[in-house]
Structure formats: C-alpha cells, structure tokens
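Letter by letter, the chains look like this.
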Amino acid sequence: MSGHRTTTSESHPGPDTVTDVVRWAVFSCVLVPVVLLWYGTSLAGATGTALGLAAVTAACRVLLRRSERSTVRLLAEEQPPHRGHRHRAGAGAHRGGRRAGGSTPVD
C-alpha cells in the first residue's frame, strides 16, 4: 500500500502527554472500583478507593500542568533573540572574498 499516512506530529503541534496520563487515571478511577465490587468488596470500600484515586489523580494533574508550564517558560527564556538575515555571523567571519595582504604565493 502506498497511501499517505498521517502521523501525530503532522496533525497536532505536539503530543499532550499530560492529557493522556489524566485520561488513563480517570479510566482507572472508574475501573478499579468496578473490579473491586465484582470481586466482592463492599460498596463503602469501593467508594473509598474511588475517592482516593480521584484525589491522587487531581493532585497529579495539577503537578503535571505546573511542571509543563514551567518547562515551557524555561525554554522560552533560554532561546537567544532572533537576529535578522544580515546578522548571521560575527564580524570577520566571511568566507571567500577579499583578504588583507598579498594575493601572490609565497616561495
């Protein structure tokens, strides 16, 4: 097959890993109590487990978002200011062209 495949980097500017982690955590917050009830745990125990998992998920989400924001801020501060077309190299860094001094070979 020679069809064009779209990758995640082409369709999105970047993967949002925090959202993916939070989605899996929310899925676990629902799945774990259901499994506990299936295996005979009391409703109170399953509810307590669900609330505990929800609290941990919320705290992790807050910490992940804060970390993501500080990383973006650090990257923005580290980037050098953008220079124009004419300021690519420092003074005297031209290749080719005329040089000071003679142009005859030395014996």
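Residues numbered from 1 in each chain as written. Predicted model: local features only at pLDDT ≥ 70, side-chain atom pairs only at ≥ 80, totals over all residues. Heavy atoms only, no water.

Novice: Could you give an account of helix 2 (residues 17-38), with specific residues and numbers?
Specialist: Over its 22 residues, helix 2 extends 31 Å from the first C-alpha to the last, a length consistent with the 32 Å expected when each residue adds 1.5 Å. Within helix 2 the residues assigned to the buried category are Val-18, Val-22, Cys-29 and Pro-33. If you follow the buried residues of helix 2, they end up packed against helix 3 (43-78). (Helix = DSSP H or I, 4+ residues; strand = E, 2+ residues; numbered from the N terminus. Expected span 1.5 Å × (residues − 1). Buried < 20%, exposed > 50% of the residue type's maximum accessible area, 1.4 Å probe, protein only. Contact = heavy atoms within 4.5 Å.)

Novice: Hey, could you go over the confidence of the model for the protein for me, with residue numbers and the actual values?
Specialist: The pLDDT averaged across the protein works out to 76; a share of 60% of its residues lies at or above 70. Helix 1 (residues 8-11) is the least confidently modelled element of the protein, averaging 46 in pLDDT, while helix 3 averages 90, the highest of any element. (pLDDT = per-residue confidence, 0-100.)

Novice: Can you break down the packing of helix 2 against helix 3 residue by residue, with the values?
Specialist: Here helix 2 crosses helix 3 at 175°, and the two axes come no closer than 9 Å. Relative to helix 3, helix 2 is oriented roughly antiparallel. Of the residues in helix 3, those touching helix 2 at Val-18, Thr-19, Val-21, Val-22, Ala-25, Val-26, Ser-28, Cys-29, Val-32, Pro-33, Leu-36 and Leu-37 are Leu-43, Ala-46, Thr-49, Ala-50, Leu-53, Ala-54, Thr-57, Arg-61, Leu-64, Arg-65 and Glu-68. Classifying every residue of the contact of helix 2 with helix 3 gives 16 nonpolar, four polar and three charged. (Axes fitted to C-alpha atoms, helices over the stretch in contact; angles between N-to-C directions. Parallel < 35°, antiparallel > 145°, perpendicular 65-115°, else oblique. Nonpolar A, V, L, I, M, F, W, Y, C, P; charged D, E, K, R; others polar.)

Novice: Which residues make up the environment of Leu-51, and what values go with them?
Specialist: You can see Leu-51 is positioned in helix 3. It is 8.1 Å that separates the C-alpha atoms of Leu-51 and Cys-29, two residues lying 22 residues apart in sequence.

Novice: So, a nonpolar patch on the surface: which residues are in play, and what are the values?
Specialist: A grouping of Trp-24, Phe-27, Leu-31, Val-35, Trp-38 and Tyr-39 is seen on the molecular surface, where their side chains present a nonpolar patch of about 800 Å² in accessible area. Turning to its location among the elements, Trp-24 is positioned in helix 2. When its relative accessible area of 60% is taken as the criterion, Trp-24 is described as exposed. (Patch = residues over 30% accessible without salt bridge, like charges linked within 9 Å, V, L, I, M, F, W, Y side chains within 5 Å. Areas by Shrake-Rupley, 256 points an atom, 1.4 Å probe, with all protein chains shown as cover. Salt bridge = Lys/Arg side-chain N within 4 Å of Asp/Glu carboxyl O.)

Novice: Hey, could you go over the packing of aromatic side chains for me, with residue numbers and the actual values?
Specialist: Taken as a whole and assessed by the stated rule, the structure comprises one aromatic pair. Residues Trp-24 and Phe-27 carry aromatic rings whose centres are separated by 5.8 Å and whose planes lie at 90° to one another, so their mutual orientation is edge-to-face. With Trp-24 and Phe-27 both in helix 2 and three residues apart, this pair spans about one turn of that helix. Exposure remark for Phe-27: the relative accessible area of 45% places this residue in the partly exposed category. (Phe/Tyr/Trp six-rings, centres within 6.5 Å; stacked < 30°, edge-to-face > 60°.)

Novice: Which residues make up the pattern of salt bridges, and what are the values?
Specialist: For the structure on display, the rule yields one salt bridge. Note that Arg-65 and Glu-68 form a salt bridge whose closest N and O atoms lie 3.1 Å from each other. Within this pair, Arg-65 and its partner Glu-68 are both found in helix 3, separated by three residues, close to a single helical turn.

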